[in-house]
Amino acid sequence: PLPDALGGIAGGLFALAALVLIGAGLRKGKRRAWGAFVALFALVFTAWWLLIPPSNTRNWQPDVAVLPWAEVSGDRVTVHNIRNCDYRTETDFTIRHYDREFDLQELKSVDLFLIYWGSPHIAHTMLSFGFADGNYLCFSVETRKEIGEDYSAVKGFFKQFELTYVIADERDLVRLRTNFRKGEDVYLYRLIVPIDFARKVFLDYLREVNNLKDRPEWYRAIISNCTTTIRRHTAPFNPDARFDWRIIVNGYADEMLYERGMLNRSLPFAELKKQSLINKRAQRIGNVPEFSQLIRGGLPGGTP
């Protein structure tokens, strides 16, 4: 990005050129001068837009203030700053983080959460990786908001939010949406994928997590959102990575995965979706250590 001083010089040169062009237009009434001004303005605006730098040093909201990161040594992975907030309400909570070591050879499953908050066409997506010891590690790609800032779908197109990968306990990311936020419907799907594929995707997520710790990026509503990032992390290892319109209109992503054989097909899709809604189950369970196992009880299975 341009240094502040260079940005000021560029702005001054633009202002001087604009005055010259406007003056020529006023004196001679020529459309060419006005056209040149419009073209210059468009050029400067585009350059300014492209050069706006993302940052990791802002006055962040507490739940996204601490970035996760990971150390990988062979099959041993240590994930730092896993979030597990203790919620009293959606906005009243105690921030907690912890570190945990995982063995890639013990990775046994990967599951998809689809969260709807209004429209059936758009959903928030999260992936969760399950291990043989009963632990699950959940990834949610989100906007990193500053204090006093609210999410806006419109602002998501215009470099208003940095991108962040929240790595958290399911008692945090899932319970927040089933037990505390109003009007959100949470569906849990057990994915049918090869375990080697799941391990590669898990490591790819962690590579990006470490990259964002060192080099922040903008959240971009179309190309860097919760669902397109899943495709980015899975496509290199997926022989069936063809594009589908339901990757953008992601409220139908479960239907796409069902058609591709990545969800359990022992039930018709409509029945599978009905059984996969976990809000009432999560609310009954509450904040217990076995939360992840209990929300999966009775759901159609995924990867053995």
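Remember, predicted model here, so these are calculated numbers, not experimental data.

Below, the discussion takes up the pattern of salt bridges. All chains considered together, the criterion is met by 20 salt bridges. Glu 90 is paired through a salt bridge with Arg 181; the nearest N and O atoms lie 3.4 Å apart. Of this pair, Glu 90 sits in the loop between β3 (86-87) and β4 (93-94) while Arg 181 sits in the loop between α3 (170-180) and β10 (185-190); the two residues are 91 residues apart in sequence, bridging distant segments of the chain. By relative accessible area, Arg 181 is classed as partly exposed at 26%. Residue Arg 171 pairs with Asp 169 through a salt bridge whose shortest N-O separation is 3.4 Å.

Here the focus is unusual backbone geometry. Backbone geometry places Asn 81, a non-glycine residue, at a positive phi of 65°. Within the secondary structure layout, Asn 81 lies in strand β2 (residues 76-83).

Glancing now at the nonpolar core. Looking at soluble globular proteins, one finds that nonpolar side chains tend to be buried together. With 45 residues, the main nonpolar core has Val 79, Leu 127, Phe 129, Phe 139 and Phe 202 as its most contacted residues. Ranked by residue count, the leading element in this core is helix α4 (residues 195-214), at eight residues. The next biggest cluster of nonpolar side chains, apart from the first, holds 18 residues, and it includes Cys 138, Ala 168, Leu 173 and Leu 299.

Before going further, it helps to examine α3. The periodicity of an α-helix, 3.6 residues per turn, causes residues three or four places apart in sequence to face the same way. With respect to burial, α3 is a largely interior element, 10 of its 11 residues being buried. Of the positions making up α3, those classed as buried are Glu 170, Arg 171, Asp 172, Leu 173, Val 174, Arg 175, Leu 176, Arg 177, Thr 178 and Phe 180. Where α3 begins, the side chain of Asp 169 points an oxygen toward the backbone nitrogen of Arg 171, at a separation of 2.8 Å.

Right, let's talk about the environment of Arg 199 for a bit. Residue position: Arg 199 is located in helix α4. For Arg 199, a relative accessible area of 18% puts it in the buried group. Between the C-alpha atom of Arg 199 and that of Gln 105, which follows or precedes it by 94 residues, the distance is 8.5 Å. Those residues within four positions of Arg 199 in sequence are excluded, and the remaining contacts are Leu 104, Gln 105 and Leu 107.

Across the six residues of β10, five count as buried, placing the element largely inside the fold. One ladder, built from six bridges, connects strand β6 (residues 107-116) with β10; its direction is antiparallel. Paired with Asp 111 across the bridge in β10 is Arg 190.

Okay, the environment of Pro 53 next. Position of Pro 53 relative to the elements: it lies in the loop between α2 (31-51) and β1 (69-73). In sequence terms Pro 53 and Glu 217 are 164 residues apart; their C-alpha atoms lie 8.3 Å from each other.

For the rest of this paragraph, the subject is empty space enclosed by the protein. One pass over the full model with this rule turns up four cavities of 30 Å³ or more. Quantified by volume, the largest cavity comes out at close to 360 Å³. Lining of the largest cavity is provided by 25 residues; of these, Ile 230, Thr 234, Met 256, Leu 257 and Met 262 occupy positions nearest its centre. Looking at the lining of the largest cavity, the elements with two or more residues in it are β6, β7 (124-131), α4, α5 (228-234) and α6 (253-259). Split by residue class, the lining of the largest cavity holds 17 nonpolar, four polar and four charged. Here the second largest cavity is characterised by a volume of approximately 80 Å³. Taken together, 13 residues form the lining of the second largest cavity, with Leu 67, Leu 163, Thr 164, Tyr 165 and Leu 212 sitting closest to its centre. If you list the elements that add at least two residues to the lining of the second largest cavity, you get β9 (162-168) and α4. For the lining of the second largest cavity, the element with the most residues is β9, which contributes four residues. When grouped by side-chain class, the residues that make up the lining of the second largest cavity number seven nonpolar, two polar and four charged.

Right, let's get into the environment of Val 193. Mapped onto the secondary structure, Val 193 falls in the loop between β10 and α4. For the pair Val 193 and Met 262, spaced 69 residues apart in the sequence, the C-alpha separation amounts to 6.6 Å.

Thresholds, definitions, all that
Per chain, residues are indexed from 1 in the order of the written sequence. Local features in this predicted model are restricted to residues of pLDDT 70 or higher, and side-chain atom pairs are both shown and tallied only at a pLDDT of 80 or more, whereas totals for entire chains, interfaces and linings draw on every residue. By convention in this description, side-chain values take in all heavy atoms of the structure and omit both hydrogens and water. Salt bridges are counted wherever a side-chain nitrogen of Lys or Arg sits within 4 Å of a carboxyl oxygen of Asp or Glu. A run of H or I in DSSP counts as a helix once it spans at least four residues, and a run of E counts as a strand once it spans at least two, with each numbered from the N terminus. Burial classes: relative accessible area under 20% of the type maximum marks a residue as buried, over 50% as exposed, and values in between as partly exposed (1.4 Å probe, protein chains only). Definition of nonpolar core: a set of buried residues of the types Ala, Val, Leu, Ile, Met, Phe, Trp, Tyr and Cys, connected through side-chain atoms within 4.5 Å. Between N or O atoms, a polar contact is any pair within 3.5 Å; within protein, one atom must be a potential hydrogen donor and the other a potential acceptor, and residues adjacent in sequence are included only when both atoms are from side chains. Residues count as neighbours in contact if any of their non-hydrogen atoms are within 4.5 Å of one another. A strand pair is defined by DSSP finding two or more bridges across the two strands. Buriedness for pockets is judged along seven lines, at least five of which must meet protein on both sides within 12 Å for an open set on the 1 Å grid over protein atoms alone, while cavities are sets there where a 1.4 Å probe fits but cannot get out, and lining residues have an atom within 4 Å of a point. Grid points are joined across faces, edges and corners, and a volume is the space filled by probe spheres set on the points. Residue type decides the class: Asp, Glu, Lys and Arg count as charged, Ala, Val, Leu, Ile, Met, Phe, Trp, Tyr, Cys and Pro as nonpolar, and the leftover types, Gly among them, as polar.

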